[in-house]
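# A look at the structure
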Amino acid sequence: MRTQQGTARLVRAGFADAPAAESALEVLRLWADGAPTDENAEQVLLRLVDVADPDLALFGLERLAAAAPDREDLLTAVREQPGLRHRLLSVLGASEALADHLASHPEAWRLLERDDLVSARPSLFGMQATLLAVLAVDPVVALPWGSRAQPGTRTGPAVLHELRAAYRGLLLGLAARDLTGEVGVDDVGGELADLASAMLTAALAYAAAELPGSVAACRLAVIAMGKTGGRELNYVSDVDVVLVAEPLTPDDDTDAALRTATRLAGGMMRVCAEVAWPVDAGLRPEGNAGPLVRSLASHLAYYERWAKTWEFQALLKARPVAGDLGLGQDYCAAVAPMVWTASERPGFVADVQAMRRRVEDTLIGDATDRELKLGRGGLRDIEFAVQLLQLVHGRADDRVHSGTTVVALDQLAQAGYVGREDARSLADAYRWLRTVEHRLQLSHLRRTHLLPAADDTDARRVLARSIGHLKEPLDSFGRERNGYRHLVRRLHEKLFYRPLLGAVAQLPMDELPTPDSRLGTPAARTRLAALGFVDPAAALRHLEALTEGLSRRAAIQRTLLPVLLGWFAGAADPDAGLLAYRRVSDALGSTPWFLRSLRDEGAVAERLAVLLASSRYAGDLLVRAPEGVRLISGGEELVPRSRESLTGAFTAAAGRQRDSQGAVLAARALRRQELLRVAAADVLGRHEGRELDRATVGQALSDIGAATVQAALATATRTIGGPEEALPVRLAVIAMGRLGGGEQSYGSDADVLFVHEPTDGADESDAARVAVAIANEMRRLLAVPGPDPALVVDADLRPEGRQGPLSRSLAAYTRYYERWSHVWEAQALLRAAPLAGDVDLSTRFLMLADTVRYPKGGLTDEQVIEVRRIKARVERERAPRGGDPALALKLGRGGLADVEWTVQLIQLRHAHRVPGLRTTSTLGALAAACEAGLVAPEDAEALREAWLLSARIRDALVLVAGKDVPSIPSSGRELDAVARAFGRAPGEQGEFLDQYRRATRHARAVVERVFYG
């Protein structure tokens, strides 16, 4: 009985024709009185609404049930067997053609019933056995490979009808596993290729049975080309083949054997066309104008004399699949050397590139946007790029010879010819495009690569749902489609039109060209300019210096540089990257492990190129200590070390040196290495999608600073006190500012306070003199010029600033804070934390600091006004001159200072009663303030976002420019580099600046309310 509520429910569930759907559900006894009949019926309905086309699935099930002689078994199984229900309804909802097949062969639903059989991928032999059984051919006795059929082989129209049903049954099982996610798209393509091989084998057996017994015997091999050869076949596609034949024995008549083979091949092609799909032999020598079947010698003679570039590209995927497999393997082995030396042909790269452009030029109208295969950003973009790289590099590297596109992509990445991220992105895009292509073809089992027209929203919706876009399918599918199209096209142009590919293709394998034979040409300058080098002439000088001579080092550099240049070009500053690479190579080029690791480990070479062309800061560190290249191999090498391990290593290194300057230089050398570790992890993490969070970077840099100060303090103490003298003082170093907060950036100084205490019985003036001497010596040692960045120790936050003593006793600090302390000093102490020296003294100083920074009762109104006044003065006096003030990272509106002063004012006012605010961490205090209800959650999030973004941009600017930059550049290469570090594509600097302005604008609005209140 139909009800309005029931019909409305089916409309909401996604049925386009709800009244018809309700009738069908009632016929199937799944629906009554406007609702599912029971829990099992509810499960059927839930599955129906998740398939590509619920109406198609339901009406297909109704047709199947009407045709099935075992209707009750079918309906019971659909209700009670989740696996069958999942597979059957997925197929019925995605493929009208397979629904028709099931309606005309209703017993075939049983093929989807057993989970263990359906979920297991059938073997090639198993598929051959299934198809050959229709012909009464026993595959165990002998698979057909020549012109002699097994006795009793069945032929005739009825047999072809049965063969078609058996083929469709195998296709049905694969489609069910595909649509339910039990196999991935790679396996689908491989299984379809195996099914094609099995079908060709069965067709050969059938054709052999139709030959008269009087024909000459022959050996016939079927060589798969294209997607069949590459094991990435579609559901519906021409199967490209090349056919090669030989006499059964060397003494037999070759011409007679070829005539038999031609008849056999013709029969095979006719059977395949009637049962499954057309067989296309157009890739054979001379195309359709040439003989259908040739001998192996005839094939080789043609390829040696007449073959065009595209024919060798096609042969890359050649694979024997049916007939005489031994002959097929001989054929592939014979043509392989020609394939892998084809790139040495004059104009090879240009020919391949021109061929791709000609394919694009054939597209007209809206087909350009709808084409999954031939259009811009389509499958051919990926395949042509991969095949060109294979043919160029594969002549000397047999690791990149796979005929399967995604496997070849992985091989190219592993060998270092393609960036790993690029390879993964292209593989993901290729799989996505193949999946969409499969779903299109499954619908009616017709060959197509065109998306439905834009105005055919119903077909587009069904397609989108078939690949998992169940919510807002049209919009989400459109976004995904556009994203992949732009990604593929960008990477295609980056790889396929890489300007130096032609030069790489022409490099002789056994000769080393002189530096000026190719690099000094105007064309080379043009190619380098196209890659993005601002100064191609300087780049050529670097290349010549790296590759000159006949040494092994120069030979390896010739192999590496074409790849490295592409990676440099993909980063923000190719010129700086190449210059830094030359300087690192000059320092390490004679070291065996360096070039070997770059040549043999693609990830290291790519990371080095990306690092050098993305970060002058990291490049400078590497140039000063080239052995740091070992750090960028990845894995645990790029994990920041703990403060404890750093302190132990730095202090031990300093302790092994005899003189104080050498001791601190040793510690600073370790600091340089650790800074490189963090910088490399930061830069490469951003590039590879696993970036370090700001808290990790800030803490790592703070830990490095702490370990450096500790080693320098120990060295200065030994220097001032002498090896045997008992010092009259205990000294502690207190971290302040970002160092104390664990929030250091790459350009931060080390803000500290020095506190001392006389030892028992020591004179206070002597203790003060020694403490100041040690502090000055420590600062001097850390500032000594050397090959590593100096660490500036800034003690200006001490009482009375630069006018006060460098170190005070704990008692003096106590007297000062009790009598003279200003509110800004309480604010500065909010970040005070132990850093180095006497642990007990540090603890007691911080206990004193707590009484100042967490004042009982909070701040008075006058003190709050004073904090606001000081902030205004700082902004007025220290704001960067020139440029856009909104882009000042620290003192700009909504920048770092705005957030930090706001959080610190909250701490000063409320930390006495909110324990969570007693932390040196800005974000930790902000979170505690939010939890205590002192800041609204949305305001806290606005402050947090602005602080993190500003801090990360500040880090990125130092990494890019190699120095502290107070403001975001409003244009230029540095802005582009920073924008890229935040995931923006070239040309999206405006969007990046908008993101920053938006975040800081929101933060400033919060500051106006909370800080200025």
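Everything below is about the structure shown above.
Residues numbered from 1 in each chain as written. Predicted model: local features only at pLDDT ≥ 70, side-chain atom pairs only at ≥ 80, totals over all residues. Heavy atoms only, no water.

Scanning the chain from N- to C-terminus turns up 45 helices and 12 strands. Considering the chain as a whole, with its 1013 residues, one finds that 56% of them fall into the buried category. Contacts in the chain between residues far apart in sequence, at least 24 positions, make up 73% of those at least 6 positions apart. If you sum the accessible surface of the chain, you get close to 40900 Å²; carbon and sulfur atoms cover 51% of it. On the chain, the mean spot of the 123 positive side-chain charges and the mean spot of the 133 negative ones are 4 Å from each other. (Helix = DSSP H or I, 4+ residues; strand = E, 2+ residues; numbered from the N terminus. Buried < 20%, exposed > 50% of the residue type's maximum accessible area, 1.4 Å probe, protein only. Contact = heavy atoms within 4.5 Å. Areas by Shrake-Rupley, 256 points an atom, 1.4 Å probe, with all protein chains shown as cover. Lys, Arg positive; Asp, Glu negative; His and termini not counted. Charge placed at Lys NZ, Arg CZ, Asp CG, Glu CD.)

Attention now moves to the pattern of salt bridges. On inspection of all chains with the given rule, the structure shows 53 salt bridges. The partner of R395 in a salt bridge is E344, with the nearest N and O atoms 3.3 Å apart. Residue R395 is found in the loop between helix 19 (379-393) and helix 20 (405-415), and its partner E344 is found in the loop between helix 16 (325-339) and helix 17 (348-361); the two are separated by 51 residues along the sequence. A relative accessible area of 12% means that R395 is categorised as buried. E344 sits in the partly exposed class, given a relative accessible area of 38%. The closest approach of N and O atoms between R808 and E800, which form a salt bridge, is 2.3 Å. On the basis of relative accessible area, R808 is assigned to the buried category, the value being 10%. The exposure class of E800 is partly exposed, given its relative accessible area of 44%. Here the salt bridges do not stand alone but share partners, grouping K871, E875, R893, D898, R1004 and E1008 into one network. (Salt bridge = Lys/Arg side-chain N within 4 Å of Asp/Glu carboxyl O.)

This part covers a positive patch on the surface. A contiguous patch of positive charge on the surface is contributed by R873, R876, R878 and K890. By the secondary structure assignment, K890 is in the loop between helix 40 (861-878) and helix 41 (896-910). You can call K890 partly exposed: its relative accessible area is 42%. (Patch = residues over 30% accessible without salt bridge, like charges linked within 9 Å, V, L, I, M, F, W, Y side chains within 5 Å.)

Before going further, it helps to spend a moment on the environment of A35. Structurally, the position occupied by A35 is in strand 2 (residues 35-36). The class of A35 is partly exposed, set by a relative accessible area of 26%. Separated by 398 residues in the primary sequence, A35 and L433 have C-alpha atoms spaced 39 Å apart. When residues no more than four places from it in sequence are discounted, the contact partners of A35 are R9 and L30.

Where two aromatic rings form a pair, the distance of their centres and the angle of their planes describe that pair. Tallied over the full model, the rule gives 11 aromatic pairs. Aromatic pair Y167 and W277: ring centres 6.4 Å apart, planes at 80°, arrangement edge-to-face. Pair noted here: Y167 is in helix 10 (residues 157-179) and W277 is in the loop between helix 13 (254-275) and strand 5 (279-280), with a separation of 110 residues, a long-range link. With respect to class, Y167 is no different from W277; both count as buried. A ring pair is formed by Y813 and Y817, whose centres lie 5.9 Å apart and whose planes are at 25°; its orientation type is stacked. On the criterion of helical spacing, the pair formed by Y813 and Y817 is a turn pair, its members being four residues apart in helix 37 (residues 810-819). (Phe/Tyr/Trp six-rings, centres within 6.5 Å; stacked < 30°, edge-to-face > 60°.)

Taken together, the side chains of D251, D252, D253 and D255 define an acidic patch exposed on the protein surface. Topologically, D252 is positioned in the loop between strand 4 (239-247) and helix 13. In this structure D252 comes out as partly exposed when scored by relative accessible area, which is 31%.

Owing to its 3.6 residues per turn, the α-helix aligns residues three or four sequence positions apart on the same side. Of all the positions in helix 5 (residues 71-80), only L74, L75, A77, V78 and R79 are classed as buried. If you follow the buried residues of helix 5, they end up packed against helix 3 (39-48), helix 4 (54-67) and helix 6 (82-94).

Counting residues in each nonpolar core, the largest one holds 105 residues, and the members touching the most others are L88, M199 and L200. When near neighbours in sequence (up to four residues on either side) are disregarded, M199 contacts L131, L163, Y167, V271, C272, V275, A276 and W277. In this structure, L561, L611, A667 and L676 belong to the second largest nonpolar core, which totals 93 residues. (Core = buried A, V, L, I, M, F, W, Y, C linked by side-chain atoms within 4.5 Å.)

With that settled, consider the environment of A872. Inspection of the secondary structure assignment puts A872 in helix 40. The exposure class of A872 is partly exposed, given its relative accessible area of 32%. Placed 40 residues apart in sequence, A872 and H912 show a C-alpha to C-alpha distance of 26 Å.

Moving on, we get to the packing of helix 5 against helix 6. Packing of helix 5 against helix 6 brings their axes to within 6 Å, and their N-to-C directions diverge by 105°. Classified by the angle their axes make, helix 5 and helix 6 are roughly perpendicular. Contact residues: helix 5 offers L74, A77, V78, R79 and E80, while helix 6 offers P82, L84, R85 and L88. Here the contact of helix 5 with helix 6 is built from residues that sort into six nonpolar, no polar and three charged. (Axes fitted to C-alpha atoms, helices over the stretch in contact; angles between N-to-C directions. Parallel < 35°, antiparallel > 145°, perpendicular 65-115°, else oblique. Nonpolar A, V, L, I, M, F, W, Y, C, P; charged D, E, K, R; others polar.)

Shape descriptors only; they carry no functional weight alone.
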